[in-house]
Amino acid sequence: ESANLHLSEATRADLQQRLAADASALKQRIDRSNSTHDWQGQAFEQYANQMIGDIAPLVAGDLGQQALQAAMSGDLQQAAELRDQATDLISQLRPRLVQRMQALRPQVQALCPAVHQLYELQSDVRDADGRPLNLLSVDS
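These numbers were taken from a predicted model, which means no experiment stands behind them.

Engineer: Where do I start with the overall build of the chain in this structure?
Structural biologist: Regarding its fold elements, the chain presents 6 helices and 0 strands. In sequence order, the chain lays out its α and β elements as α-α-α-α-α-α. Evaluated residue by residue, the chain yields a buried proportion of 27% over its 140 residues. Considering only contacts within the chain whose residues lie at least 6 apart along the sequence, 62% involve residues at least 24 apart. Only carbon and sulfur atoms are counted for the fraction: they give 52% of the accessible area of the chain, which is about 9,400 Å².

Quick look at the structure:
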């Protein structure tokens, strides 16, 4: 993706470093997850926004710098194209990020059997009044 944006070498290196750190943190978070709820709705949105917030300013800054250099050299069309790329970055980056994160879906889904087993085990656990504890809920 960064190659398509023609980012500077320094920005690409910084971006790759950030993405590698984010990927490592993501895999660790999956390993620590107790439920697929950690990856649905607001939890997923928050994580996606955090990743975008980490990399979007870096990429937008590089594109802005390129636009400024193009404008200073008199290439106003190139400057406008770069400005538009930077402006559209967030709206384009989010769907791409979500699509790329789908590759992790099998790891997230692997949590399901373990969660269902725990759910079934809890049915035999009751409080002092004989009521189920319902420590865990599972959505079908």
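Engineer: Got a minute to help me understand the nonpolar core in this structure?
Structural biologist: Considering soluble globular proteins, one finds that nonpolar side chains tend to be buried as a cluster. Counting 13 residues, the largest nonpolar core has Leu-7, Leu-15 and Val-59 as its most contacted members. Secondary structure elements with two or more residues in this core: α3 (41-72) and α4 (76-101). Looking at which element gives the most residues to this core, the answer is α3, with 7 residues.

Engineer: Help me understand helix α2 (residues 9-32), please; the structure alone is not making it clear to me.
Structural biologist: Residues separated by three or four positions in an α-helix point in the same direction, a consequence of the helix having 3.6 residues per turn. With 24 residues, α2 extends 35 Å between its outermost C-alpha atoms, agreeing within 8% with the 34 Å of an ideal straight helix rising 1.5 Å per residue. Taken residue by residue, α2 has Thr-11, Leu-15, Asp-22, Leu-26 and Ile-30 as its buried positions.

Engineer: Any chance you could explain the side chain of Thr-11 here in plain terms?
Structural biologist: Structurally, Thr-11 is set in helix α2. A relative accessible area of 10% means that Thr-11 is categorised as buried. Separated by 2.5 Å, the side chains of Thr-11 and Asp-62 make a polar contact. The residues contacting Thr-11, other than those within four sequence positions of it, are Leu-58 and Asp-62.

Engineer: What is the right way to look at the pattern of salt bridges in this model?
Structural biologist: Side-chain pairs of opposite charge can arise whenever the charged atoms involved come near each other. Scanning all chains against the criterion turns up 3 salt bridges. Among the salt bridges present, the one from Glu-9 reaches Arg-12, with a minimum N-O distance of 2.5 Å. With a gap of 3 residues between them, Glu-9 and Arg-12 both fall in helix α2, about one helical turn apart. Owing to a relative accessible area of 57%, Glu-9 belongs among the exposed residues under this scheme. Where Asp-14 meets Arg-18, a salt bridge forms, and the shortest distance between an N and an O atom there is 3.3 Å. Taken as a pair, Asp-14 and Arg-18 lie in helix α2 at a separation of 4 residues, close to a single helical turn. On the accessibility criterion, Asp-14 (25% relative accessible area) is partly exposed. Judged by its relative accessible area of 26%, Arg-18 falls in the partly exposed class. Through salt bridges that share partners, Asp-14, Arg-18 and Asp-54 make up one connected network.

Engineer: What's the story with the environment of Leu-5 in this structure? I'm lost.
Structural biologist: Within the secondary structure layout, Leu-5 lies in helix α1 (residues 2-5). For Leu-5, a relative accessible area of 13% puts it in the buried group. Residues Leu-5 and Val-59 lie 54 residues apart in sequence; the distance between their C-alpha atoms is 8.6 Å. Apart from the residues lying within four places of it in its own chain, the contact partners of Leu-5 are Val-59, Leu-63, Gln-66, Gln-85 and Leu-89.

About the criteria used
- Residues numbered from 1 in each chain as written.
- Predicted model: local features only at pLDDT ≥ 70, side-chain atom pairs only at ≥ 80, totals over all residues.
- Heavy atoms only, no water.
- Helix = DSSP H or I, 4+ residues; strand = E, 2+ residues; numbered from the N terminus.
- Buried < 20%, exposed > 50% of the residue type's maximum accessible area, 1.4 Å probe, protein only.
- Contact = heavy atoms within 4.5 Å.
- Areas by Shrake-Rupley, 256 points an atom, 1.4 Å probe, with all protein chains shown as cover.
- Core = buried A, V, L, I, M, F, W, Y, C linked by side-chain atoms within 4.5 Å.
- Expected span 1.5 Å × (residues − 1).
- Polar contact = N/O pair within 3.5 Å; in protein donor to acceptor, adjacent residues only side chain to side chain.
- Salt bridge = Lys/Arg side-chain N within 4 Å of Asp/Glu carboxyl O.

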